[in-house]
Amino acid sequence: MRQDTREPWVAGQLAATMLAVDPAGLGGIHLRARAGPVRDAFLAGLPSVLTPWHRITPGIDDAQLLGGVDVGASLAAGRRIETAGVLDRAGVVILSMAERCPPDLSARLGQALDRGAGPLVLLDEGAEPDEAAPEGLCDRLAFHLDLEQVRAADMADVALGDDEIDRARLRLPDIAVPDAAVRELTGAAIQLGIPGLRAVLLAVAAARAHAALCQRDAVAAEDLQIAAALVYAPRATQLPPEHEETPDESPDPADTEPTENAADEDPMDAPPPEVVLDAVRALLPPGVLESRASRAARRAAGTGQGARAKGTQRGRPLPSRPGRRHGGARIDLVATLRAAVPWQALRRQEAPDRTGVIVRALDIHLRRFERRTERLVIFCVDASGSAALARMAEAKGAVELMLADAYARRDRVALIAFRGDSADLLLPPTQSLVQAKRRLAALPGGGATPLAAGLDAARGPSRTAPARRGAGARTRPSDRRARERRALGGAGPGHRDGRCPRRGAEDPRAWPRRRGNRHRRPPPAGTG
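Residues numbered from 1 in each chain as written. Predicted model: local features only at pLDDT ≥ 70, side-chain atom pairs only at ≥ 80, totals over all residues. Heavy atoms only, no water.

**Considerations on the nonpolar core**
Buried together is how nonpolar side chains tend to be arranged in soluble globular proteins. Applicable threshold: Among buried residues, the Ala, Val, Leu, Ile, Met, Phe, Trp, Tyr and Cys ones that are joined through side-chain atoms within 4.5 Å form a nonpolar core. The cut-offs for exposure are 20% and 50% of the maximum accessible area for each residue type, with area from a 1.4 Å probe on protein chains only; residues under the lower value are buried, those over the upper are exposed, and the others partly exposed. To qualify as a helix, a DSSP run of H or I must reach at least 4 residues; to qualify as a strand, a run of E must reach at least 2; elements of each kind are numbered from the N terminus. Residue contacts follow a heavy-atom distance rule, with two residues in contact if any of their heavy atoms lie within 4.5 Å.
Within the largest apolar cluster, 60 residues are counted, with the highest numbers of intra-cluster contacts made by L26, F42, F143 and Y232. The element that contributes the greatest number of residues to this core is helix α10 (residues 198-213), accounting for 12 residues. Residues contacting Y232, with those up to four places away along its chain left out, are L185, T186, A188, A189, L192, I194, A199, V200, A203, A227 and V280. By size, the runner-up hydrophobic cluster in this structure holds 19 residues, among which are L87, L113, L120 and L122.

What follows is the structure, encoded as structure tokens:
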């Protein structure tokens, strides 16, 4: 396992050099690093072949990305003049804040990479492990670098110059890849738990680029080790057990009869499979596979953020779309003019007396925005008996942790404790950490376990939260009572007669049986 902080920088320099040799085959680099001197030094040290740079942001519109009509030039010339998009220009496309890349932009960039467009560099600035660039886009890039732990003292210059890179680019089409090399890379990908064949194709391209840099005519064992370490290490989800030395049971060469296809076998001496795996194992930091597994589990369970909601008033800007103005929607003037300019010549013939730009309803483009809806998290805690002290302490810590980042996630938290014969709302929905600590200073405990009363009380804040916000509320209720109801499924020890103090004679043990039909009422007492 890798522990030297200088190795990520050295691996990044080698990956950038190999990308300069084969930009179309390797796709690009996914760079996870905060804005700072280390990231600036890495970008400044890219080979001159990977120039010029074209920086884009997640809010770029389709006209800038794919090209379109130049409104100013078209109005001045009196005819339609189109401009090339960022993807049509030579050079490297650098996407800043890649962790905020929307799905539509990710799909367009992925299609461009599939067509063999220029290399792409994703600048991932995620503050948490769950904040990362889109997986479908990262899967098309050969190299994934994490420079978070690199210090300024660990940085060094690239060893190869532009002349050597140019010679390697000329030699690249003639590099041969033996079948044995492809078999080794495919077997290593299977053992490392890497799905799909795209990673294998990227590893083959990386091996060819490294062989071209080393002035070889065919891929060698060293090229396979370097390619597997750079391409497979960030994608590995498992590691096979380390090999053990076994006695050599190979037959005597004298007793082996030559086969008819012996002359057609690959001349390359392929490395043993464990050599390629050891190259990947040496580049993995300690505990990285466990963190990837936990990150995948958290993504499957949800990010904990509110749902995405699109609107026309506020939020993160999205590309404008044609439509009719309604509900206070704002017109995107530039996009509207861009849609109207190509038709001015025809519209002049129909209305020669009109002056200025002729705009029709079909040209209107409306601004769009996207925002995260806030969530209301309701903690319904059992505060009865001897378990009150431990459970209330855990609830207090959980509420304070969630309130600490409530501003970033737009969450509100409520706390309900049930004990004795009732349930109490200890903390109304709030985002104030000071108010929460004041309300949670003294937590009551003891008594019976009125589970039904607690579950019924938890429905109150979830119902009143949208009403308190008024029309167009953005609160999304999310409580913890459903999981506990499924786990317990019956009345607590405080309800020995099966009656609920808040719901009359209704038995809470009948709730799980009515989940399939929520509108069905329980049968009256005493009826068969």
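**What to know about the environment of R360**
Along the chain, R360 turns up in the loop between α15 (344-350) and β10 (365-372). Residue classification places R360 among the partly exposed residues on the basis of a relative accessible area of 40%. In this structure R360 touches R347 and E350, once residues within four positions along its chain are discounted.

**Digging into the state of the cysteines**
Heads up, the condition is: In what follows, a disulfide is any cysteine sulfur pair within 2.5 Å.
For the structure shown, the criterion picks out zero disulfides. C101 takes part in no disulfide bond, and the closest cysteine sulfur to it belongs to C138, at a distance of 9.2 Å. Residue C138 is classed as buried on the basis of its relative accessible area of 7%.

**Topic: the sheet that holds strand β6 (residues 120-124)**
Short version of the rule: Paired strands are those between which DSSP finds at least two bridges. Here the axes come from fitting lines to C-alpha atoms, over the contacting stretch only for helices, and the angles between their N-to-C directions go from 0 to 180 degrees.
Pairing is parallel across the open sheet formed by five strands, whose spatial order is β2-β5-β6-β1-β7. If you trace the sheet from one side to the other, it starts and ends with β2 (53-56) and β7 (143-146), each paired once. Ignoring which end each strand starts from, the neighbouring axes of this sheet average 20° apart.

**Notes on the pairing of β2**
Burial along β2 is one-sided: H54 and I56 are buried, and none of W53 and R55, which face the opposite way, are. The sheet contact formed by β2 and strand β5 (residues 92-95) spans four bridges and is parallel. Among the inter-strand pairings, W53 is bridged to a residue of β5, identified as V92.

**Here we look at the pattern of salt bridges**
Heads up, the rule is: When a carboxyl oxygen of Asp or Glu lies within 4 Å of a side-chain nitrogen of Lys or Arg, that pair is called a salt bridge.
Counted by the stated rule, this structure contains 10 salt bridges. Here R32 and D124 are joined by a salt bridge, their closest N and O atoms 3.0 Å apart. Placement of R32 in strand β1 (residues 28-32) and of D124 in strand β6 is noted, with a sequence separation of 92 residues between them. Its relative accessible area of 15% is what places R32 among the buried residues. With a shortest N-O distance of 2.5 Å, R216 and D223 are connected by a salt bridge. For D223, a relative accessible area of 0% corresponds to the buried category. Among the ionic contacts, a cluster of salt bridges with common partners joins R216, E222 and D223.

**A closer look at a nonpolar patch on the surface**
Convention followed: Patch definition: residues with relative accessible area over 30% and no salt bridge; like charges joined within 9 Å; nonpolar side chains (Val, Leu, Ile, Met, Phe, Trp, Tyr) joined within 5 Å. Here the accessible surface of atoms and residues is derived via Shrake-Rupley with a 1.4 Å probe, and residues count as covered only by protein chains that are part of the display.
On the surface, a cluster of nonpolar side chains totalling about 200 Å² of accessible area is made up of L75, V357 and V359. You can see V357 is positioned in the loop between α15 and β10.

**A word on helix α8 (residues 162-171)**
Note the following rule: The arc refers to the directions leading from the helix axis to the C-beta atoms.
All of the buried residues along α8 are I165, A168 and R171. Along the long axis of α8, the arc covered by the buried residues comes to 120°, so they all point the same way. Set apart from the buried face of α8 by more than 90 degrees, the exposed residues are D163 and L170. In this fold, the buried residues of α8 make contact with α1 (7-21) and α10.

Coordinates in, geometry out; function isn't part of it.
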